[in-house]
Amino acid sequence: MASGLQAESWTEELNCAICLDFFTDPVSLGCGHNFCRSCIIRSWEKQEKGSCPVCRQVTADRKLQVNRALVKMVAKARGFSLEQTQTSVRRQCEKHREELKLVCETDKKLLCVVCRDAKEHRGHSFLPIDEAAEIYKLPVCLGVMS
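The rules we used
- Residues numbered from 1 in each chain as written.
- Predicted model: local features only at pLDDT ≥ 70, side-chain atom pairs only at ≥ 80, totals over all residues.
- Heavy atoms only, no water.
- Helix = DSSP H or I, 4+ residues; strand = E, 2+ residues; numbered from the N terminus.
- Contact = heavy atoms within 4.5 Å.
- pLDDT = per-residue confidence, 0-100.
- Buried < 20%, exposed > 50% of the residue type's maximum accessible area, 1.4 Å probe, protein only.
- Polar contact = N/O pair within 3.5 Å; in protein donor to acceptor, adjacent residues only side chain to side chain.
- Pairing = 2+ DSSP bridges.
- Axes fitted to C-alpha atoms, helices over the stretch in contact; angles between N-to-C directions.

**Quick notes on the environment of Lys49**
Then step 1. Here Lys49 is to be found in the loop between helix H2 (37-45) and strand E3 (65-66).
Then step 2. Each C-alpha atom of the pair Lys49 and Arg62 lies 8.8 Å from the other, and the pair is 13 residues apart in sequence.
Then step 3. Apart from residues no more than four positions distant in its own chain, Lys49 is found in contact with Val58 and Arg62.

The structure is reproduced here in structure tokens:
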């Protein structure tokens, strides 16, 4: 299975350059760039000429071609992304988007390295998450220790 960074890397290729989210109804322009149908139409409404937002090549007839391969890949990526989110959300700090690697023994909470250095945790004792899971016999994915 692909690591989180590998998955993030290839799924970035399935994002629209306008809305920065997975393509919805992806279409290709004559220049080869892809966009969500609604994104490119809204972009063109603000222009005299129908140019590509990436390379600025003008598409005179404003013809949009459905990209069927991209439709299939985005559908698969959405499913993969949901699976990844369900298994990894609890392992990421909501505030700093850093991986949760430590347990604050004082507060009984999972922390990232940025949180460890925060004022509210000064003077607290910490354990690496794997070590704490072994000591407390807890699954590593738990967010708060009982």
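So much for the structure itself; the text now carries on.
**Things to note about the confidence of the model for the protein chain**
Then step 1. When pLDDT is averaged along the protein chain, the result is 79, and 77% of the positions lie at 70 or above.
Then step 2. Low confidence marks residues 82-89, where pLDDT is under 50. Its contacts with residues over four positions away, or in another chain, come to three contacts.
Then step 3. Under a pLDDT of 50 for its full length, residues 139-146 has, in the predicted model, 15 contacts with residues more than four places off or in other chains.

**A few points about the side chain of Asn67**
Then step 1. Relative to the assigned elements, Asn67 resides in the loop between E3 and helix H3 (68-88).
Then step 2. Classification of Asn67 by relative accessible area gives buried; the value is 18%.
Then step 3. Within polar-contact distance, the side chain of Asn67 engages the side chain of Asn34 at 3.0 Å.
Then step 4. Discounting chain neighbours no more than four positions away, the residues touching Asn67 are Pro26, Val27, Ser28 and Asn34.

**Considering the sheet that holds strand E2 (residues 34-36)**
Strand pairing within a sheet occurs via backbone hydrogen bonds; the two strands may be parallel or antiparallel.
Then step 1. Spatially, E2-E1-E3 is the arrangement adopted by the three strands of the open sheet, whose pairing is antiparallel. Only two strands of the sheet have a single partner each, and these edge strands are E2 and E3.
Then step 2. Pairing of strand E1 (residues 26-28) with E2 involves three bridges; the strand directions are antiparallel. By the bridge assignment for E2, Val27 is matched with Phe35.
Then step 3. Relative to E2, H2 is tilted by about 95°, and along the sheet it contacts E1, E2 and E3.

**What about unusual backbone geometry?**
Then step 1. For Leu20, which is not glycine, the phi dihedral falls at a positive 65°.
Then step 2. Residue placement: Leu20 occurs in the loop between helix H1 (4-12) and E1.
Then step 3. Leu20 sits in the exposed class, given a relative accessible area of 64%.

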